[in-house]
Amino acid sequence: RLFVFVLIPTIIAGWYFYRVATPVYATYTEFVIQSADQKGGGGLGGLFAGTGLASSQDSNTVQGYLQSREAMLRLEADLGFGKHFQNPDIDPLQRLAKDASLEAAYKVYRKFLKISFDTTEGVIRMDVIAADPKVAADWSKQLITYAEEQVDHLTQRLRGDQMRGHRAEDPLTD
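Residues numbered from 1 in each chain as written. Predicted model: local features only at pLDDT ≥ 70, side-chain atom pairs only at ≥ 80, totals over all residues. Heavy atoms only, no water.

(A) Geometry of the sheet that holds strand S2 (residues 113-118). Taken in spatial order, the three strands make up an open sheet running S1-S3-S2, and their pairing is antiparallel. The open sheet terminates on both sides in strands that have one partner only, identified here as strand S1 (25-32) and S2. Neighbour to neighbour, the strand axes of the sheet diverge by 15° on average, direction disregarded. As defined by bridge partners, S2 adjoins strand S3 (residues 123-130) across six bridges and the pair is classed as antiparallel. The residue of S3 that forms the bridge with Phe-117 is Ile-124. Sitting on the sheet, helix H3 (residues 56-66) touches S1, S2 and S3, and the angle it makes with S2 is about 170°. Along the sheet, helix H6 (residues 102-112) contacts S2 and S3; its crossing angle with S2, the most-contacted strand, is approximately 50°. (Pairing = 2+ DSSP bridges. Helix = DSSP H or I, 4+ residues; strand = E, 2+ residues; numbered from the N terminus. Axes fitted to C-alpha atoms, helices over the stretch in contact; angles between N-to-C directions. Contact = heavy atoms within 4.5 Å.)

Okay, structure coming up:
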């Protein structure tokens with residue numbers, strides 16, 4: 001029993017990781033999303049200004065976007081995410097089939113992209129894993145660019161809402 005249930009699986013796993021498995025590389029990134037809306041002042045809003053709680057809504061929005069299919073499709077269009085994992089040099093257990101569906105590609109995306117938000121520090125942590133360290137770094141930079149675009153979009157929308165509110169209060173202002 002020891003031979004069948006312990007030694008054989010251990011030998012097979014050792015052979016796979018030593019001979020077959022493709023080495024993967026991770027790029028670890030941390031970034032903070034700071035709110036452009038610096039109201040300060042009194043009350044609880046002023047108490048949490050400058051902390052992770054002040055920008056947690058924006059951070060959660062960005063985290064959700066980076067984990068979305070839309071971000072994966074953009075990464076595919078910009079840097080060939082799926083093509084990287086369809087490379088025949090990647091071992092069969094990690095390789096994405098040539099005719100893989102969007103769901104299969106998204107499953108691989110979620111497996112090789114880990115994003116978390118630390119509410120105590122207000123930091124988004126991102127691990128991007130690829131079979132090539134340069135590719136992992138390029139994907140990480142591209143995803144940070146997407147995050148910046150999302151924050152710019154959110155800030156622009158907030159500014160537009162504030163301007164509409166200001167114009168509604170003071171009709172003489174144009």
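Anyway, onward from the coordinates.
(B) Representation of helix H1 (residues 2-20) in the model. In a regular helix each residue adds 1.5 Å, so 19 residues correspond to 27 Å; H1 covers 25 Å between its end C-alpha atoms and thus fits that length. Across the 19 residues of H1, one count as buried, placing the element largely on the outside. (Expected span 1.5 Å × (residues − 1). Buried < 20%, exposed > 50% of the residue type's maximum accessible area, 1.4 Å probe, protein only.)

(C) Molecular detail of the side chain of Gln-67. Positionally, Gln-67 belongs in the loop between H3 and helix H4 (69-79). The contact partners of Gln-67, leaving out residues within four places of it in the chain, are Tyr-106, Tyr-109, Arg-110 and Ile-115.

(D) Spatial organisation of the pattern of salt bridges. Here the structure, examined in full by the defined rule, presents seven salt bridges. Glu-149 serves as the salt-bridge partner of Arg-74, at 2.7 Å between the closest nitrogen and oxygen. Residue Arg-74 is found in helix H4, and its partner Glu-149 is found in helix H7 (residues 133-169); the two are separated by 75 residues along the sequence. Judged by its relative accessible area of 26%, Arg-74 is partly exposed. For Glu-149, a relative accessible area of 36% corresponds to the partly exposed category. Here the salt bridges do not stand alone but share partners, grouping Glu-30, Asp-118, Glu-121 and Arg-125 into one network. (Salt bridge = Lys/Arg side-chain N within 4 Å of Asp/Glu carboxyl O.)

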